[in-house]
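The residues making up each chain are set out below.
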Amino acid sequence: MSGETKEVFGSNYGQNDVIINGLIEKMTLFDDNLMSLVFGQNIETTELLLRVIMERDIKVIDVRGQDELKNPVIGGRCITLDVHAIDVDGRHIDIEVQINAEGSHVKRARYHSSMMDARMLEEGQEFKEIKDSYVIFIYDHDKFRKGLPFYHIQRRVDETGEAFGDGSHIIYVNGRYEGNDDIGRMMRDFHQCRPELIKSETLSKAVAYYKEKEGRGAMSEAVRKYAMEYAKEYGEEQRREGMKAGIETGIETGIQTGRRTEIFLSVQDGDYSVNRGAEKLGMSVDEFEKSMSEAGYRVPELV
């Protein structure tokens, strides 16, 4: 536990630890803190995931979770990849999980791809030496709403329809796909918060390691850092409004507010049903609709 964490959590650290443990229990592989640990430090789980998504055998030689790519331009936007893998042929693969529609603009994929590409060539190398890159987004909804398990995006020549073949690949995975095949089974595993309910033995062991065994400390620290960000933001907001509530009060409230915002946006944009949103927040449909409306979000009509 860092000194900064102690400073932010203060005297209520023990109470806040209970909150964090509760959050960890509810986490699925759609939470990037858990996902980055399960895949970002484990070649075996990463190879398993990529074999299912890319539908071929793949040999990973390096993988990192929460890998920050700094923009070389002063003031330029940096990005942090949930999982950054490199295979035996030198291909770079970015794997992202996304629970809501807020961060799902298609130009995000373009930006992630460009940031990886910019690091593949050294001075003096020819452009033809650049390796293929893959940006994979695993969404907790069907991005294009066609019911397909995957959506593959590649550049093509408009006039001929032929593939451009520049080696840039973008793949969207439908987290709501429930087919009786490898990707359907994988997505069902992604939605499980309890390791014993995960059918893949490899994934079940990895999730259990971070939820129940030796890796629990690393998981707790990752969530504490996440909590600090919300807590600091919430504390600043409260101070601007002249209220006495500070950082400690904001820890749980900040996290809960962020989660509600994600779910409200997903329902408003049609990625979740009202019933699904209410279920995820543990509310009745009436309570959920009232809360969503009071927060200023548009409530879709129940079909």
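1. Some details on the overall build of the protein
Within the protein, the regular secondary structure consists of 11 helices and 6 strands. Split into buried and exposed, the 303 residues of the protein put 45% on the buried side. Put simply, of all contacts in the protein between residues at least 6 apart along the chain, 59% involve residues at least 24 apart. When the accessible surface of the protein is summed, it comes to about 16,600 Å², and 47% of that surface belongs to carbon and sulfur atoms.

2. Structural notes on the pattern of salt bridges
Taken as a whole, this structure holds 13 salt bridges when the rule is applied. Where Asp140 meets Arg176, a salt bridge forms, and the shortest distance between an N and an O atom there is 2.7 Å. With Asp140 in the loop between strand E4 (133–139) and strand E5 (150–153) and Arg176 in the loop between strand E6 (168–174) and helix H6 (182–190), this residue pair connects regions lying 36 residues apart in the sequence. The class for Asp140 is buried, based on a relative accessible area of 1%. Classification of Arg176 as partly exposed rests on a relative accessible area of 28%. Each of Asp62, Arg64 and Asp67 takes part in a single network of salt bridges with overlapping partners.

3. Looking at helix H4 (residues 43–54)
In this model, H4 (12 residues) spans 16 Å end to end at C-alpha, consistent with the 16 Å of a helix rising 1.5 Å per residue. Taking burial as the measure, the 12 residues of H4 include 9 buried ones, the bulk of the element. Every buried residue of H4 is listed here: Thr45, Thr46, Glu47, Leu48, Leu49, Leu50, Val52, Ile53 and Met54. Where H4 begins, the capping side chain belongs to Asn42, and its oxygen is found 2.9 Å from the backbone nitrogen of Glu44.

4. Side note on the sheet that holds strand E1 (residues 60–69)
The 6 strands lie next to each other as E1-E2-E3-E4-E6-E5, forming an open sheet whose pairing is mixed. Two strands lie at the open edges of the sheet, namely E1 and E5, each paired on one side alone. On average, each strand axis in the sheet is tilted by 20° relative to the strand beside it, whichever way the strands run. Helix-sheet contacts for H6 involve strand E3 (92–98), E4, E5 and E6, and the interaxial angle to E6 is about 65°.

5. Thoughts on helix H10 (residues 274–281)
By the burial criterion, the buried members of H10 are Val274, Arg276, Gly277 and Ala278. One or two positions beyond H10, positive phi appears at Gly282, with a value near 70°.

6. A few points about the packing of aromatic side chains
This model, assessed by the stated rule, comprises 10 aromatic pairs. Geometrically, the ring pair formed by Phe137 and Tyr172 is stacked, given 5.7 Å between the ring centres and 20° between the ring planes. With Phe137 in strand E4 and Tyr172 in strand E6, this pair connects stretches of sequence that are 35 residues apart. Among the aromatic residues, those joined into a cluster by ring pairs are Phe137, Tyr139, Phe144, Tyr151 and Tyr172.

7. Observations regarding a nonpolar patch on the surface
Taken together, the side chains of Val106, Phe144 and Ile153 make up a nonpolar region of the molecular surface, amounting to roughly 220 Å² of accessible area. Following the sequence through the fold, Phe144 ends up in the loop between E4 and E5.

8. Side note on the environment of Ser113
Inspection of the secondary structure assignment puts Ser113 in helix H5 (residues 106–117). Along the sequence, Ser113 and Ile93 sit 20 residues apart, while their C-alpha atoms lie 9.2 Å from each other. Those residues in contact with Ser113, other than ones at most four positions away along the chain, are Ser133, Val135 and Ser168.

9. Regarding unusual backbone geometry
At Gln66, a residue that is not glycine, the phi angle is positive and equals roughly 50°. Following the sequence through the fold, Gln66 ends up in strand E1. Positive phi, normally seen in glycine, also occurs at Arg145, with a value near 55°.

10. Here's the deal with the confidence of the model for the protein
When pLDDT is averaged across the protein, the result is 83; 81% of the residues are at 70 or more. pLDDT under 50 marks residues 1–14. Its contacts with residues more than four places away, or in other chains, come to 25 contacts. Confidence over residues 239–248 falls short of pLDDT 50; this stretch has 15 contacts with residues more than four positions distant or in other chains.

11. A short note on the nonpolar core
Counting residues in each nonpolar core, the largest one holds 42 residues, and the members touching the most others are Ile53, Ile138 and Phe190. The contacts of Ile138, once residues within four sequence positions are left out, are Phe30, Leu49, Ile53, Ile95, Glu96, Val97, Gln98, Val173, Met187 and Phe190. Met115, Val135, Tyr139 and Tyr151 belong to the second largest nonpolar core, which has 12 residues in total.

The rules we used
- Residues numbered from 1 in each chain as written.
- Predicted model: local features only at pLDDT ≥ 70, side-chain atom pairs only at ≥ 80, totals over all residues.
- Heavy atoms only, no water.
- Helix = DSSP H or I, 4+ residues; strand = E, 2+ residues; numbered from the N terminus.
- Buried < 20%, exposed > 50% of the residue type's maximum accessible area, 1.4 Å probe, protein only.
- Contact = heavy atoms within 4.5 Å.
- Areas by Shrake-Rupley, 256 points an atom, 1.4 Å probe, with all protein chains shown as cover.
- Salt bridge = Lys/Arg side-chain N within 4 Å of Asp/Glu carboxyl O.
- Expected span 1.5 Å × (residues − 1).
- Polar contact = N/O pair within 3.5 Å; in protein donor to acceptor, adjacent residues only side chain to side chain.
- Pairing = 2+ DSSP bridges.
- Axes fitted to C-alpha atoms, helices over the stretch in contact; angles between N-to-C directions.
- Phe/Tyr/Trp six-rings, centres within 6.5 Å; stacked < 30°, edge-to-face > 60°.
- Patch = residues over 30% accessible without salt bridge, like charges linked within 9 Å, V, L, I, M, F, W, Y side chains within 5 Å.
- pLDDT = per-residue confidence, 0-100.
- Core = buried A, V, L, I, M, F, W, Y, C linked by side-chain atoms within 4.5 Å.

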